[in-house]
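# Observations on the model geometry
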Amino acid sequence: MGLFSFESKQVKEWKKLAKSGDMEAQYHLARAYANGKGVSINMKRAVDYCVQSAEQEYAPAQALLAHFYGYGKGVDKNYEEMIHWGEKAALQGYAQAQYNVGRCYEQGKGKEKDFEKAMHWYMLAAQQGRPDAAYKLGQFYEHGLGVEEDIEKAEEWYKKAAEAGNGSSAYNIARIFIREKNSEALVWAKKAYDLGMN
């Protein structure tokens, strides 16, 4: 260790567990090294521990590895690898990965743009309580992306997202209600403001 290196007690415990193949400890070490929490930042070690955990089918590690590949953190940016690891986590039901795979299909990153597939992944993530995915479903229904335009369903998904703290959704409900001359518009505009959409 260098003069300015440090390692918390928790990191030392995770290292002992990781040596014996504990995938959760490996994942926690990957996050610690990536974020400098309890240890100095070291992206090579972060990636190494993340790969060890991801190869044991640990969905949070697979999602983290997809993130590393998507942003070129500790590895070369590689959308194929990002999708490979992201889909593995998403198929295990990991909501964050489902949302991220939905974004890949929506934006055409690593996959051909496909709103119907994006909608599928957003739906799975939203059903697990992801407000960002519920917001995306609201957008898709409002604008007819991969689905027939349906303002009532858009409002329904925006409300779910807003009630979970998504300010953009509250704003969109207010905007729709103003357009429809609905008396609840002011209530939703205030909620959007309260959630930081000012």
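As shown above, the structure is provided for reference.
Residues numbered from 1 in each chain as written. Predicted model: local features only at pLDDT ≥ 70, side-chain atom pairs only at ≥ 80, totals over all residues. Heavy atoms only, no water.

## Quick word on the nonpolar core
If you look at the biggest cluster of nonpolar residues, it comprises 30 residues, and the most contacted ones within it are Tyr122, Ala126, Ala133, Leu137, Trp157 and Tyr158. The set of elements that each furnish at least two residues to this core consists of helix H4 (59-71), helix H5 (79-91), helix H6 (95-107), helix H7 (115-127), helix H8 (131-143), helix H9 (151-163) and helix H10 (167-179). Dropping the residues within four chain positions of it, alanine 133 is found in contact with Tyr99, Tyr122, Ala125 and Ala126. Counting residues in hydrophobic clusters, the runner-up holds 28 residues, among them Leu29, Ala30, Ala54 and Val75. (Core = buried A, V, L, I, M, F, W, Y, C linked by side-chain atoms within 4.5 Å. Buried < 20%, exposed > 50% of the residue type's maximum accessible area, 1.4 Å probe, protein only. Helix = DSSP H or I, 4+ residues; strand = E, 2+ residues; numbered from the N terminus. Contact = heavy atoms within 4.5 Å.)

## Examining the pattern of salt bridges
Taken as a whole and judged by the stated rule, the model has seven salt bridges. A salt bridge links lysine 136 to glutamate 106, with the nearest nitrogen and oxygen atoms 3.2 Å apart. Taken together, the residues span a long stretch of sequence, with lysine 136 in helix H8 and glutamate 106 in helix H6 at a distance of 30 residues. The two residues lysine 136 and glutamate 106 agree in class, both being buried. A salt bridge links glutamate 156 to lysine 160, with the nearest nitrogen and oxygen atoms 3.9 Å apart. One end of the pair, glutamate 156, and the other, lysine 160, are both in helix H9, four residues apart, so they sit about a helical turn from each other. Of the residues examined, glutamate 156 reaches a relative accessible area of 39% and is grouped as partly exposed. Classification of lysine 160 as partly exposed rests on a relative accessible area of 42%. (Salt bridge = Lys/Arg side-chain N within 4 Å of Asp/Glu carboxyl O.)

## Brief notes about the environment of valine 11
With respect to the helices and strands, valine 11 occurs in helix H1 (residues 9-19). Using a relative accessible area of 0% as the deciding quantity, one classes valine 11 as buried. As for valine 11 and tyrosine 33, which are separated by 22 residues in sequence, their C-alpha atoms are 9.4 Å apart. Beyond its immediate sequence surroundings of up to four residues, valine 11 is in contact with Leu29, Ala32, Lys37, Gly38 and Val39.

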